[in-house]
Amino acid sequence: MDNGEHSLMSVLHMTFGRGWMWNCVCLAIGCRSCGGFRQALETFLTTVVEASYILDEEAFVLFAFILSLAASKPDEVRNAVCWAIEVGYRLIDTAHIYGNEEAIGEALAQSFKAGKIKRDDIFITTKLWCTHNRPEVMEEQMKESLEKLGLNYVDLYLIHTPTTFDREMKNFDETVTVENIWKGMEVLYNKGFTRAIGVSNFNLEQVKRIQKIAKIPIHNVQNECHIYLPQNEIIEYCKANNITFTSYASLGSRGRTSAQLPNHKLNWALTPDPMEEGCVKKLAAKYNKTSAQILLRHLLQRGIAIIPKSVNRDRIRENFDIFDFRLTDDEMKEMGAIKTRARLFYQEFMFGHPEYPFTGEVNPASDVS
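Residues numbered from 1 in each chain as written. Predicted model: local features only at pLDDT ≥ 70, side-chain atom pairs only at ≥ 80, totals over all residues. Heavy atoms only, no water.

(A) Focus on the overall build of the chain. Counting its secondary structure elements, the chain contains twelve helices and eleven strands. Taken across its 369 residues, the chain has 60% of its residues classed as buried. Looking at the chain alone, contacts between residues at least 24 apart form 72% of all its contacts between residues at least 6 apart. Counting every atom, the chain has about 15,800 Å² of accessible surface; 49% of that belongs to carbon and sulfur. (Helix = DSSP H or I, 4+ residues; strand = E, 2+ residues; numbered from the N terminus. Buried < 20%, exposed > 50% of the residue type's maximum accessible area, 1.4 Å probe, protein only. Contact = heavy atoms within 4.5 Å. Areas by Shrake-Rupley, 256 points an atom, 1.4 Å probe, with all protein chains shown as cover.)

Given below as structure tokens:
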């Protein structure tokens, strides 16, 4: 069967088989940059740890966790990956902009050589940065990522943003549309550089535009999603079109307000904290769980892949402990009925680009004090 006929879910089934349980997890190391815009994004970009979880033979859900290693040295990144593999982590999510693909590649090579894992045992995701969204330069960055990772292919390649910049990240390139970017991604897919392709930080209209012209349909969408931004419309579209959906900022990203970019003023809106939401705290008390565990369980029961952030090892372990209870239908409806609506990440460095994905949105929580 041609790879183009498979969703990301199918690719994961083929890669890991149907018997993998939730302790099959993914480590994605956050940004360790060496200058310029990458260095400015160090506080933005974080480690992702994902666990695959089988609800039953037909329901395959990606479950994700974030560890912040933004200030980690290469040796620390390598050690973290090797440690994760030792304890059973099998999915690794990174990105070109994170600046750590080489360190991850060294850790993988060490694990391969030691016989701890084989290439077929591990699922690797990386992302195309917006300075290389033009199809004619896309393969250059793809090959660079593969060389750093020490691999012949990745399992999933995502477009990190729908907007395109020049190589120096100083100016917009307004000539490149999302359709143009996707056609370039299909070339990479057909050349065997990646087994699945997807998008991140795209709105529904952009996803639909791609689907209309796609020869290879979108396999995965990764967007911000939490109780204040439930993303119902795009998630329903993804489900109807066999596209997996991954959520980031699932717990409200408490640390986001400390992030700033040189030459880019970021005005973080004051927003309520999902973990302090009344019904969340009530359910946490009922089930003897933390607010974070309730929020994660809610998204998990919606069939969404989750990427909450934590820099605390105990909290990361705690995040896994959500499989011994289940929210009732009424409790799911109660959480879904929360009226507050707020986007936490407006990706302001993209403001003004014709493909900026959140044009027209007003943050109703911007005046919260």
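Structure's up, so let's keep going.
(B) View of the nonpolar core. Judged by nonpolar contacts, the single largest core of 69 residues is most densely connected at Leu108, Met185, Val199, Val221, Ile294 and Met335. For Val199, the contacting residues outside a window of four places in its chain are Leu158, Ile159, Trp182, Val207, Ile210, Ile218, Asn220, Val221 and Gln222. In this structure, Ile97, Cys130, Phe349 and Tyr356 belong to the second largest nonpolar core, which totals twelve residues. (Core = buried A, V, L, I, M, F, W, Y, C linked by side-chain atoms within 4.5 Å.)

(C) Structural view of helix 5 (residues 135-149). Taking 1.5 Å as the rise per residue, helix 5 with 15 residues should run 21 Å; its terminal C-alpha atoms sit 22 Å apart, in good agreement. In this structure, the buried residues of helix 5 make contact with helix 4 (101-113), strand 5 (123-128), strand 6 (156-159) and helix 6 (178-190). Just past helix 5, the residue Gly150 takes up positive phi, approximately 70 degrees. (Expected span 1.5 Å × (residues − 1).)

(D) View of the pairing of strand 8 (residues 220-224). The buried count for strand 8 comes to five of five residues, which makes it a mostly enclosed element. Summarising the sheet, strand 7 (residues 197-200) and strand 8 pair through three bridges and their orientation is parallel. Bridge pairing links Gly198 to Asn220 in strand 8. Each parallel crossover has a hand, and the one from strand 7 via helix 7 (residues 204-213) to strand 8 is right-handed. (Pairing = 2+ DSSP bridges. Right-handed = clockwise from strand over helix to strand, strands pointing away.)

(E) Highlighting helix 8 (residues 232-240). Along helix 8, the residues classified as buried are Ile234, Ile235, Tyr237 and Cys238. Axial view of helix 8: buried residues confined to an arc of 160 degrees, hence all on one face. Of the residues in helix 8, the exposed ones pointing more than 90 degrees away from the buried face are Glu233 and Ala240. Once helix 8 ends, the next one or two residues include Asn242, with phi positive near 60 degrees. (Arc of directions from axis to C-beta.)

(F) Highlighting the packing of helix 9 (residues 278-287) against helix 10 (residues 291-301). In the contact formed by helix 9 and helix 10, the axes pass within 8 Å of each other and the chain directions differ by 100 degrees. By the criterion of interaxial angle, the relationship of helix 9 to helix 10 is roughly perpendicular. Two secondary-structure elements touch here, helix 9 through Val280, Lys281, Leu283, Ala284 and Tyr287 and helix 10 through Ser291, Ile294 and Leu295. Split into classes, the residues belonging to the contact of helix 9 with helix 10 amount to six nonpolar, one polar and one charged. (Axes fitted to C-alpha atoms, helices over the stretch in contact; angles between N-to-C directions. Parallel < 35°, antiparallel > 145°, perpendicular 65-115°, else oblique. Nonpolar A, V, L, I, M, F, W, Y, C, P; charged D, E, K, R; others polar.)

(G) Inspection of unusual backbone geometry at higher detail. Positive phi outside glycine occurs at Met169, with the angle close to 65 degrees. Inspection of the secondary structure assignment puts Met169 in the loop between strand 6 and helix 6. For Met169, a relative accessible area of 8% translates into the label buried. In this structure, Gln347 takes a positive phi of about 50 degrees despite not being glycine. Structurally, the position occupied by Gln347 is in the segment after helix 12 (329-336). Residue Gln347 is classed as buried on the basis of its relative accessible area, which comes to 16%.

(H) Molecular detail of the environment of Arg119. Structurally, Arg119 is set in the loop between helix 4 and strand 5. Residue classification places Arg119 among the buried positions, given a relative accessible area of 17%. Distance from Arg119 to Leu151, taken between C-alpha atoms, is 8.6 Å for residues 32 residues apart in sequence. Apart from residues no more than four positions distant in its own chain, Arg119 is found in contact with Phe112, Ile124, Leu151, Tyr153, Val154 and Asp155. Here the side chain of Arg119 touches Ile122 through a polar contact of 2.8 Å, landing on its backbone oxygen. (Polar contact = N/O pair within 3.5 Å; in protein donor to acceptor, adjacent residues only side chain to side chain.)

(I) Inspection of the packing of helix 5 against helix 6 at higher detail. Two elements in contact, helix 5 and helix 6, have axes separated by 9 Å at closest approach and are oriented at 45 degrees. The orientation of helix 5 with respect to helix 6, classified from their angle, is oblique. Handedness of the helix 5/helix 6 crossing: right-handed. Of helix 6, the residues touching helix 5 (which contributes Pro135, Met138, Glu139 and Met142) are Asn180, Ile181, Gly184, Met185 and Leu188. Looking at the contact of helix 5 with helix 6 residue by residue, the classes come out as six nonpolar, two polar and one charged. (Left-handed = near helix turned anticlockwise from the far one by under 90°.)

Any link to function would need more than the numbers given here.
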